[in-house]
Amino acid sequence: MITYLDADIRPLEQGWTLLLCEPGTFEGPDSINRALARLSAPVPGTVAQALFEAGLFDPAHPTPLHGKEAWYFRPLQGEAPGTAVLRFEGLATLADVYLNGALVLTSESMFESHDVDITLSGEDELAICFRALTPHLEKRGPRAKWRPQMMSSQG
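Residues numbered from 1 in each chain as written. Predicted model: local features only at pLDDT ≥ 70, side-chain atom pairs only at ≥ 80, totals over all residues. Heavy atoms only, no water.

The helix and strand tally for the protein chain stands at 2 helices and 8 strands. Along its sequence from the N terminus, the protein chain presents helices and strands in the succession β-β-α-β-β-β-β-β-β-α. When burial is assessed residue by residue, the protein chain has 30% of its 155 residues classed as buried. Across the protein chain, every contact between residues at least 6 apart in sequence was considered, and the portion connecting residues at least 24 apart equals 70%. When the accessible surface of the protein chain is summed, it comes to about 10300 Å², and 56% of that surface belongs to carbon and sulfur atoms. (Helix = DSSP H or I, 4+ residues; strand = E, 2+ residues; numbered from the N terminus. Buried < 20%, exposed > 50% of the residue type's maximum accessible area, 1.4 Å probe, protein only. Contact = heavy atoms within 4.5 Å. Areas by Shrake-Rupley, 256 points an atom, 1.4 Å probe, with all protein chains shown as cover.)

Here is the structure:
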C-alpha cells in the first residue's frame, strides 16, 4: 500500500445527485439527459436514504430497490488540474465508476478498496453506476460443487 504523506486529502461527501432507473436504460453517463430530474444524495449513504429524504420511500412499506440501477453524479469543477488519486473505500454491490464519461473502475465487492490514478482538467464530472442486482443474481451458471442438491437458486 502506498502512503502519500504530503497528499491533499479531500473527501467527496458533498454535492452528489442520484438518478434511479431500470437496468440497462443508459449505456454510460454520456447517454443520460442532463435535464432528467435528480435527487440530492447523501454520501456515504444509501439509495433508500436518498429516496426517504425526498419523500419517495416509506420504510414501513419498502419498495424493493435491487432491480434498479442507481447513478450518482458529482461535479469536480474547481479542482486543480493535474494528476490525482480517487480512493474508494468500499463501493456497495456492483459498481462502475466513470470520469468524464470514461470508465475508470469496475468494482464487484464492497469489501475491497480501490485507488484510481486520474488526470483532472478542472472541469470534470465523476459518475458511479450501482448496477441492479436482480439481473446479476438471475444468471445461471454451472452448479457449484459445494452446494447441496436441495438448493435450487444459485443466487
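For the rest of this paragraph, the subject is the packing of aromatic side chains. Per the stated rule, a full pass over the model turns up 4 aromatic pairs. The interplanar angle of 15° and the centroid separation of 6.2 Å between the aromatic rings of Trp-71 and Phe-73 together place this pair among those described as stacked. Of the two residues examined, Trp-71 and Phe-73, each falls in the buried class. Ring centres 5.5 Å apart and planes at 85° place the aromatic pair Tyr-72 and Phe-130 in the edge-to-face group. (Phe/Tyr/Trp six-rings, centres within 6.5 Å; stacked < 30°, edge-to-face > 60°.)

Taken together, the 5 bridges between strand 5 (residues 95–99) and strand 6 (residues 102–107) define a ladder with antiparallel strand orientation. Within the sheet, the bridge partner assigned to Asp-96 lies in strand 6 and is Thr-106. Where strand 5 folds back on strand 6, the antiparallel hairpin that results is connected by 2 residues, among which Asn-100 adopts a positive phi of roughly 55°. (Pairing = 2+ DSSP bridges.)

Counting across every chain of the model gives 5 salt bridges. Arg-131 serves as the salt-bridge partner of Glu-69, at 3.3 Å between the closest nitrogen and oxygen. Of this pair, Glu-69 sits in strand 3 (residues 69–75) while Arg-131 sits in the loop between strand 8 (125–130) and helix 2 (133–138), and the two are 62 residues apart along the sequence. Judged by its relative accessible area of 5%, Glu-69 falls in the buried class. (Salt bridge = Lys/Arg side-chain N within 4 Å of Asp/Glu carboxyl O.)

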